[in-house]
Amino acid sequence: MAQYQQELNSVFQALADPTRRAVLGRLGQGPASISELAEPFDMALPSFMKHIRLLEASGWIRTNKAGRVRTCAIEKEQFAVAESWLAEQRAVWEGRTDRLEQFVTSDHHNTSDNNKETGS
């Protein structure tokens, strides 16, 4: 359980930054070199590489070096981890909202009955 929680933290920490989300969005179109990925961002390459290393360490991407070019590709398995957690949370919150709806509906019904009895 602790390892699962640690993996989730890593997955969502990687998604917390807009630069990393943009990189993942671009890699959704297919593999790209580091220079292609860094091009739209106004930052030094060493700073950009921190984002790449974090994405790789969290399992969102894999990199492959051929000669002087390092190419990145998305790892689809991490989407399954995030999707699984989101599905769990969705089920929890749907259950809570269903119970709230039942409570509000029954409370409203009881209040209406009391108002009729008291003539309010």
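See above for the structure.
What counts as what
- Residues numbered from 1 in each chain as written.
- Predicted model: local features only at pLDDT ≥ 70, side-chain atom pairs only at ≥ 80, totals over all residues.
- Heavy atoms only, no water.
- Pairing = 2+ DSSP bridges.
- Helix = DSSP H or I, 4+ residues; strand = E, 2+ residues; numbered from the N terminus.
- Contact = heavy atoms within 4.5 Å.
- Axes fitted to C-alpha atoms, helices over the stretch in contact; angles between N-to-C directions.
- Core = buried A, V, L, I, M, F, W, Y, C linked by side-chain atoms within 4.5 Å.
- Buried < 20%, exposed > 50% of the residue type's maximum accessible area, 1.4 Å probe, protein only.
- Salt bridge = Lys/Arg side-chain N within 4 Å of Asp/Glu carboxyl O.
- Patch = residues over 30% accessible without salt bridge, like charges linked within 9 Å, V, L, I, M, F, W, Y side chains within 5 Å.
- Areas by Shrake-Rupley, 256 points an atom, 1.4 Å probe, with all protein chains shown as cover.
- Parallel < 35°, antiparallel > 145°, perpendicular 65-115°, else oblique.
- Left-handed = near helix turned anticlockwise from the far one by under 90°.
- Nonpolar A, V, L, I, M, F, W, Y, C, P; charged D, E, K, R; others polar.

A. Local environment of the sheet that holds strand β1 (residues 32-33). The sheet built from three strands is open, its strands ordered β1-β3-β2 with antiparallel pairing. The open sheet has two free edges, formed respectively by β1 and β2 (61-66), since each of these has just one partner strand. Direction of pairing for β2 relative to strand β3 (residues 69-74): antiparallel, over a ladder of six bridges. Residue pairing in the sheet places Ile61 in a bridge with Ile74 of β3. Those strands touched by helix α2 (residues 18-27) are β1, β2 and β3, and its axis lies near 85 degrees from that of β3. The strands touched by helix α4 (residues 45-57) within the sheet are β2 and β3, with β2 carrying the most contacts at an inclination of about 120 degrees.

B. The nonpolar core, seen in detail. Membership of the largest hydrophobic core comes to 19 residues, with the highest contact counts inside it found for Leu27, Leu37, Ile52, Trp60 and Ile61. For this core, the secondary structure elements donating two or more residues are α1 (2-15), α2, α3 (34-38), α4, β3 and α5 (77-118). Of all the elements, α4 adds the most residues to this core, at four residues. Every residue in contact with Leu37, bar those within four places of it in the chain, is listed here: Val23, Arg26, Leu27, Ala32, Phe48, Ile52 and Cys72.

C. Spatial organisation of the pattern of salt bridges. Applying the stated criterion across every chain, the model contains one salt bridge. Of the charged contacts, one joins Glu75 and Arg62 as a salt bridge, the two residues approaching to 3.5 Å between their closest N and O atoms. Within this pair, whereas Glu75 is found in the loop between β3 and α5, its partner Arg62 is found in strand β2, the two being separated by 13 residues in sequence. Owing to a relative accessible area of 44%, Arg62 belongs among the partly exposed residues under this scheme.

D. Molecular detail of a nonpolar patch on the surface. Together, Leu100, Phe103 and Val104 line one region of the surface with nonpolar side chains, adding up to about 310 Å² of accessible area. Considering the arrangement of structural elements, one finds Phe103 in helix α5. Classification of Phe103 by relative accessible area gives exposed; the value is 53%.

E. Structural detail: the pairing of β3. Looking at chain direction, β1 and β3 are connected through two bridges and run antiparallel. Bridge pairing in β3 places Ala32 opposite Cys72.

F. Layout of the packing of α2 against α4. The geometry of α2 relative to α4 is characterised by a closest axis approach of 10 Å and an angle of 70 degrees between their N-to-C directions. Looking at the two axes, α2 sits roughly perpendicular to α4. Regarding α2 and α4, the two cross each other, and that crossing is right-handed. Residues Thr19, Arg20, Val23 and Leu24 of α2 form the contact with α4, whose participating residues are Phe48, His51, Ile52, Leu54 and Leu55. Its residues assigned to classes, the contact of α2 with α4 shows six nonpolar, two polar and one charged.

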